[in-house]
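Remarks on the overall topology
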Amino acid sequence: MRKPILAGNWKMNMTAAEAVEFVSSLKEKVKDVTEREIVVCPVFTALRPVAEVIKASNIHLGAQNVHWEESGAFTGEVSAEMLKDSGCEFVIIGHSERRQYFGETDQTVNGRVKKVLEADGLTPIVCIGEKLEERENELTFKVVETQIREGLKGLKPDDIKKLVIAYEPVWAIGTGRTATPQQAEEVHAFIRGILSQIAGEGVSDEIRILYGGSMKPENVSGLMECENIDGGLIGGAALKLDSFVSLINYCTMR
Ligand code: PEP
């Protein structure tokens, strides 16, 4: 049984005050939800204030990035321990916007994932996905396989078991263009197959693989009917209370 996760990636949006207002309303609206895991990922400056509001609720806190060192001369960076200290239980790693604008590579993803796993208690949400030209050149499976194998290099099956994977076709992020359920499911099934090769079937069966890329109430049903889609990493639709709540309400236990 894989419990669906609905994770809102707020990107560089909302001040601390706006974030607090949002989660205060969200908390009320989802208070009876038990069969889904709800995660919000605000900007760093809103983590602590949001943590205060959602403490003892069914909403979990996530960050949008983490560094691979514990501390030191890394101006502008935040460590896994610091995120835990701010109340985080999840952290997004390797988002395509980090790869596109901030030089993220499979190797830096690997470093971040390892450090986060060392700091027991923080779950990495590892993002992978192909660009439009890669899909058009039929490179989707190759790209995704490389991202998984390199990003998770050196991890033991027991570590891999603790991960959440987000498949986010880059051409669908923030574009309003969603992968069809068939397109998404064939990559999700492929990802589970690769995870099975590197960590064993028992582990790969347990890992949640989220879909990300313009997920919204209008397209969630087809996606969530797919056997290997275990929820969503949601950008735009998670910034609006009503659409995030309807996505949460849609997803049931599988
Ligand atoms: C994302 O940023 O991870 C994302 C999926 O964004 P959107 O839902 O807006 O496409």
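So, about the overall build of the protein. Summing up its helical and strand segments, the protein has 12 helices and 8 strands in all. The C-alpha radius of gyration of the protein comes to 17 Å, within 12% of the 18 Å expected for a compact globule of 254 residues. When the backbone C-alpha atoms are referred to their principal axes, the protein occupies close to 45 × 45 × 35 Å. Counting over 254 residues, the protein shows a buried share of 54%. A separation threshold of at least 6 residues defines the contact pool for the protein, and within that pool the share at least 24 residues apart is 73%. Carbon and sulfur atoms make up 50% of the accessible area of the protein, which totals about 11,300 Å². Each charge sign in the protein was given a centre, from 29 positive and 38 negative side chains, and these centres are 1 Å apart.

The tendency in soluble globular proteins is for nonpolar side chains to be buried side by side. One finds Leu26, Ile191 and Phe244 to be the most contacted residues of the largest nonpolar core, which totals 72 residues. Listed in part, the 12 residues of the second largest apolar core include Ile5, Ile125, Val164 and Leu210.

With that out of the way, let us pick up the layout of surface pockets. Over the atoms a probe the size of a water molecule is rolled, and this reveals where empty space is left. The space that makes up the largest pocket amounts to roughly 520 Å³. Here the element with the most residues in the lining of the largest pocket is helix 4 (residues 96-101); it accounts for 3 residues. In terms of residue class, the lining of the largest pocket is built from 9 nonpolar, 6 polar and 4 charged.

To continue, consider the side chain of Arg36. The topology assignment puts Arg36 in the loop between helix 1 (16-29) and strand 2 (37-41). Although Arg36 lies buried, it forms no salt bridge, and the closest oppositely charged side chain, Glu35, sits 4.2 Å away as judged by the N-O distance. At 2.8 Å, the side chain of Arg36 forms a polar contact with the backbone oxygen of Ile248. Look past the residues within four positions of Arg36 in its chain and what remains in contact with it is Lys3, Pro4, Leu6, Ile248, Asn249 and Cys251.

We now examine the environment of Lys84. By the element assignment, Lys84 lies in helix 3 (residues 80-85). In the structure, Lys84 is positioned 77 residues away from Ala7 in sequence and 17 Å away in space, judged by C-alpha atoms. Leaving out residues up to four positions away in the same chain, Lys84 has contacts with Ala119, Asp120 and Leu122.

In this model helix 1 runs 20 Å from its N-terminal to its C-terminal C-alpha over 14 residues, within 8% of the 20 Å that 1.5 Å per residue would give. All buried positions along helix 1 are accounted for by Ala19, Phe22, Val23 and Leu26. The buried residues of helix 1 occupy an angular sector of 95° when projected down its axis, which confines them to one face. Turned more than 90 degrees away from the buried face of helix 1, the exposed residues are Ala17 and Glu21. Looking at the buried residues of helix 1, the elements they touch are strand 2, helix 2 (44-54), strand 3 (59-63) and helix 12 (241-250).

Turning our eyes to something else, we now look at the site of the ligand. Taken together, 14 residues lie near the ligand, and Lys11, Glu168, Gly174, Ser214 and Gly235 sit nearest. The contact in question runs from an oxygen atom of the ligand to an N or O atom on the side chain of His95, over 2.9 Å. Take Glu168: an N or O atom from its side chain is 2.7 Å from an oxygen atom of the ligand. Relative to its unbound accessible surface of 290 Å², the ligand loses 96% to contact with the protein. Along the lines of polarity and charge, the residues of the shell around the ligand split into 4 nonpolar, 8 polar and 2 charged.

Cut-offs applied
Numbers given to residues run from 1 along each chain, matching the order in which its sequence is written. Restriction of local features to residues with pLDDT of at least 70 applies here, the model being predicted, together with a cutoff of 80 or more for giving and counting side-chain atom pairs; totals for whole chains, interfaces and linings are based on all residues. Think of the side-chain values as coming from all heavy atoms in the structure, minus any hydrogens and water. Working definition: helices are DSSP H or I runs of at least four residues, strands are E runs of at least two. Numbering for both runs from the N terminus. We take the radius of gyration over the C-alpha atoms and set the globule estimate at 2.2 Å times the residue count to the 0.38 power. For every residue, the accessible area (1.4 Å probe, protein chains only) is compared with the maximum for its type, and the residue is labelled buried under 20%, exposed over 50%, or partly exposed between those bounds. Two residues qualify as a contact provided that any one of their heavy atoms is within 4.5 Å of a heavy atom in the partner residue. Residue burial considers only the protein chains on display, and all accessible areas are found by Shrake-Rupley using a 1.4 Å probe. Charge counting follows a simple rule: Lys and Arg are positive, Asp and Glu are negative, and His as well as the terminal groups are ignored. The atoms used to mark charge sites are NZ of Lys, CZ of Arg, CG of Asp and CD of Glu. Working definition of a nonpolar core: buried Ala, Val, Leu, Ile, Met, Phe, Trp, Tyr and Cys residues. They are joined through side-chain atoms within 4.5 Å. Lining residues are defined by having an atom within 4 Å of a point belonging to a cavity or pocket. Those points lie on a 1 Å grid over the protein atoms alone, cavities being sets where a 1.4 Å probe fits but cannot get out and pockets being open sets with protein on both sides within 12 Å along at least five of seven lines. Grid points are joined across faces, edges and corners, and a volume is the space filled by probe spheres set on the points. Gly falls in the polar group here, along with every residue not listed as nonpolar (Ala, Val, Leu, Ile, Met, Phe, Trp, Tyr, Cys, Pro) or charged (Asp, Glu, Lys, Arg). For this analysis, a salt bridge means a side-chain nitrogen from Lys or Arg found within 4 Å of a carboxyl oxygen belonging to Asp or Glu. Polar contacts, as counted here, are pairs of nitrogen or oxygen atoms within 3.5 Å of one another; within protein the pair requires one atom able to donate a hydrogen and one able to accept it, and residues that are adjacent in sequence qualify only if both atoms are side-chain atoms. Between the first and last residue of a helix there are one fewer steps than residues, each counted as 1.5 Å, and that sum is the expected span. Each direction from the helix axis to a C-beta atom contributes to the arc, which is the arc of those directions. Here a residue is near a molecule or strand as soon as one of its heavy atoms is found within 4 Å of it.

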